[in-house]
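# Observations on the model geometry
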Amino acid sequence: MSLKRRDLMLGALGGGVLAAGGVLAAGGVHAADNWPSKPVRIVVPYPPGGSSDIIARSISQQLSEALGQPVIVENKPGANGNLGADFVAKSKPDGYTLLLCDVGALAISPSVYTRLPFDPSKDLRGVTMLAYSPHLLVVHPSVQANNLKELVALSKKSEINFAVTATGSAPHLAGVALERASGARWQYVPYKGGVQAVQDTVAGQTQILMNGMLATLPHVQSGKLKVLGVSKATRMPLIGEVPTIAEQGVAGFESGTWQGVRVAKGTPDAIVQRLNKELITVIRSADIRSRLAGQGAEVVTMAPAEEEQFFGKERARWAKVVADAGIKLD
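Conventions and cut-offs
Within each chain, residues carry numbers counting from 1 in the order of the written sequence. Only residues with pLDDT of at least 70 get local features here, since the model is predicted, and only at 80 or more are side-chain atom pairs given and counted; chain-wide, interface and lining totals rely on the full set of residues. With hydrogens and water set aside, each side-chain value is computed from the structure's full complement of heavy atoms. Strands here mean DSSP runs of E at least two residues long; helices mean DSSP runs of H or I at least four residues long; both are numbered from the N terminus. Both definitions apply: the radius of gyration is a C-alpha atom measure, and the globule rule equals 2.2 Å times residues to the power 0.38. Whether a residue is buried, partly exposed or exposed follows from its accessible area with a 1.4 Å probe, protein chains only, as a fraction of its type maximum: under 20%, in between, or over 50%, in that order. Only heavy atoms enter the contact rule, under which two residues are in contact if any of them lie within 4.5 Å. Here the nonpolar core consists of buried residues drawn from Ala, Val, Leu, Ile, Met, Phe, Trp, Tyr and Cys, with membership extended through side-chain atoms lying within 4.5 Å. Pairs of N or O atoms within 3.5 Å make up the polar contacts considered here, provided that, within protein, one atom can donate a hydrogen while the other can accept it, and that residues adjacent in sequence are counted only when both atoms are side-chain atoms. To pair, rings of Phe, Tyr and Trp, with the six-membered ring standing in for Trp, must have centres within 6.5 Å; the planes then decide the type, stacked if under 30 degrees apart, edge-to-face if over 60, and tilted in the middle. Here, axes are lines fitted to C-alpha atoms. For helices the fit covers the stretch in contact, and angles between N-to-C directions go from 0 to 180 degrees. Oblique is the label for any angle not under 35 degrees, not over 145, and not in the 65 to 115 range, which are roughly parallel, roughly antiparallel and roughly perpendicular in turn. Crossings are sorted by hand: turned counterclockwise from the far helix by less than a right angle, the near helix makes the crossing left-handed, and turned clockwise it makes it right-handed. When residue character is reported, Ala, Val, Leu, Ile, Met, Phe, Trp, Tyr, Cys and Pro are called nonpolar, Asp, Glu, Lys and Arg charged, and the others, Gly included, polar. Relevant arc is that of directions from the helix axis to the C-beta atoms, nothing else. One speaks of a salt bridge when a side-chain nitrogen belonging to Lys or Arg is within 4 Å of a carboxyl oxygen belonging to Asp or Glu. Criterion used throughout: strands pair if DSSP finds at least two bridges between them. Consider the strands pointing away from the viewer: the crossover is right-handed when the path from the first strand over the helix to the second runs clockwise.

A count of helices and strands for the chain gives 12 helices and 10 strands. For the chain, the C-alpha radius of gyration of 20 Å lies close to 20 Å, the compact-globule estimate for 330 residues. Projected onto its principal axes, the C-alpha positions of the chain cover 65 × 40 × 30 Å. Within the chain, the proportion of its 330 residues that are buried is 56%. Long-range contacts, defined here as pairs at least 24 residues apart, represent 80% of the contacts in the chain between residues at least 6 apart.

Have a look at this one:
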């Protein structure tokens, strides 16, 4: 199913849930009567400049207008997004502190970290998904490979350093999955965020990178990075000449960043439903949708229950990859 069709279907489902919300969330209606009565904070658990940060800043003004209160974007990076996620998980469940993150990456954390100060499933609840951006497989222009087959062959006779946006992150595990499926061999160099990993690959200090298209495409367009493949089931119209990784011999390969919003568990249903409605309206607005599409991101929205289901499936999916690779962090 294409993301466009999926978006429409999930949007329709979201409408149904919202319609029912007036009945289901009746107990929490009083909590939402005066909400919001003060500024709302969007916590991005990564450094500025990444996919989540780009989307948060794209929607903040329109969301502020819709809510009638200032919407402040605050970066709280660290521990592959877990410091910011922990902050939101332990915040007061009143709808004033939102987590906008790569939901897939958050789902990976319980499998990678032996000790987490919070449980993403028990301490946070889904609001909506916002956008999907596939990973781009890119290399420094000096790398003598123009497709995945040539890159795999090169990796078997030369040392290639793979820039890891953060150990245990979605791009890291996508790289591990690709290495295992293709027979490639590369060395992983960990960074504290995608921006640093991209910068070092642009500088030639590392040779290969997988990262969200939204944050990586500008460097491809400027010629500072060379793209070899896209991790989506079908080609991206924006870069239609670039083949998918699946087309290049790794059947069924698909990965990417899924930006979504979660809040502390215990946030009243009425507030969650209001947030879901306003966030979907904003992200689907013509100017934001067009702007994101021009950068390689597709709008994908979900009802709260759908986002929870997605989170559970991603957690199970990547747990196997982590177990097979033997990745564990304290």
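From this point, the discussion proceeds with the structure in view.
Ranked by size, the top nonpolar core spans 51 residues in total, and within it Ile42, Ile55 and Ile59 carry the most contacts. Apart from residues lying up to four places away in sequence, Ile42 is in contact with Ala56, Ile59, Leu63, Val71, Ile72, Val73, Glu74, Leu98 and Leu100. Core analysis: the second largest hydrophobic core is formed by 21 residues, Val139, Val143, Val152 and Phe162 among them.

This part is about the side chain of Thr128. Looking at the element boundaries, Thr128 is found in strand S4 (residues 124-139). Given the relative accessible area of 0%, Thr128 is considered buried. Within the local environment of Thr128, its side chain forms a polar contact with the backbone oxygen of Met302, the two atoms lying 2.8 Å apart. The contacts of Thr128, once residues within four sequence positions are left out, are Gly260, Val261, Asn276, Leu279, Ile280, Thr301, Met302 and Glu307.

Turning next to the packing of aromatic side chains. The final tally for this structure, using the stated rule, is 5 aromatic pairs. The interplanar angle of 55 degrees and the centroid separation of 6.2 Å between the aromatic rings of Trp35 and Tyr96 together place this pair among those described as tilted. Taken together, the positions of Trp35 in the loop between helix H2 (29-33) and strand S1 (40-44) and Tyr96 in the loop between helix H4 (82-89) and strand S3 (97-102) put the pair 61 residues apart, joining distant regions of the chain. According to the relative accessible area criterion, Tyr96 is buried, its value standing at 11%.

A few words now on the packing of helix H5 (residues 103-112) against helix H12 (residues 304-325). When two helices pack together, their arrangement is given by the angle between their axes and by how far apart the axes lie. It is the contact of H5 with H12, at a shortest axis distance of 8 Å, that shows an interaxial angle of 45 degrees. On the basis of their axis angle, the class for H5 and H12 is oblique. Seen along the crossing, H5 lies across H12 with a hand that is right-handed. For the pair H5 and H12, contact is made by Val103, Gly104, Leu106, Ala107, Ile108, Pro110, Ser111 and Val112 and by Glu307, Phe310, Phe311, Glu314, Arg315, Trp318, Ala319 and Val322, respectively. Counted by class, the contact of H5 with H12 contains 11 nonpolar, 2 polar and 3 charged residues.

This part takes up helix H6 (residues 148-155). The set of residues buried in H6 consists of Leu148, Leu151, Val152, Leu154 and Ser155. End-on view of H6: buried residues confined to an arc of 165 degrees, all on one side of the axis. Capping of H6 at its N-terminal end is provided by Asn147; its side-chain oxygen lies 3.2 Å from the backbone amide nitrogen of Lys149.

Any two side chains of opposite charge can pair, on the condition that their charged atoms come close. Here the structure, examined in full by the defined rule, presents 15 salt bridges. Glu74 is the partner of Lys76 in a salt bridge, and the nearest nitrogen-oxygen pair spans 3.1 Å. Several salt bridges converge on common partners, so that one network encompasses Arg41, Glu74 and Lys76.

Right, let's get into the pairing of strand S6 (residues 187-190). The side chains of a regular strand alternate between both faces of the sheet. Inspection of the sheet shows strand S5 (residues 161-164) paired to S6 by 4 bridges, in the parallel sense. Bridging from a neighbouring strand, Ala163 pairs with Val189 of S6. In this view, the connection linking S5 to its parallel neighbour S6 by way of helix H7 (residues 170-182) has right-handed handedness.

Let us look at the environment of Asp86. Inspection of the secondary structure assignment puts Asp86 in helix H4. The spatial distance from the C-alpha of Asp86 to the C-alpha of Ser182 is 36 Å, given a sequence separation of 96 residues. The contacts of Asp86, once residues within four sequence positions are left out, are Pro117 and Phe118.

Moving on, we come to unusual backbone geometry. Here Trp35 and Pro36 are connected by a cis peptide whose omega angle stands at -5 degrees. The residue Pro36 is located in the loop between H2 and S1 in this model. At Ala79, a residue that is not glycine, the phi angle is positive and equals roughly 55 degrees. On the secondary structure map, Ala79 appears in the loop between strand S2 (71-75) and H4.

Once that is clear, we can look at the environment of Ala107. Among the secondary structure elements, Ala107 is positioned in helix H5. The spatial distance from the C-alpha of Ala107 to the C-alpha of Arg315 is 4.6 Å, given a sequence separation of 208 residues. With residues near it in sequence (within four places) discarded, Ala107 still touches Phe311, Glu314 and Arg315.

Read these as spatial facts, not as claims about activity.
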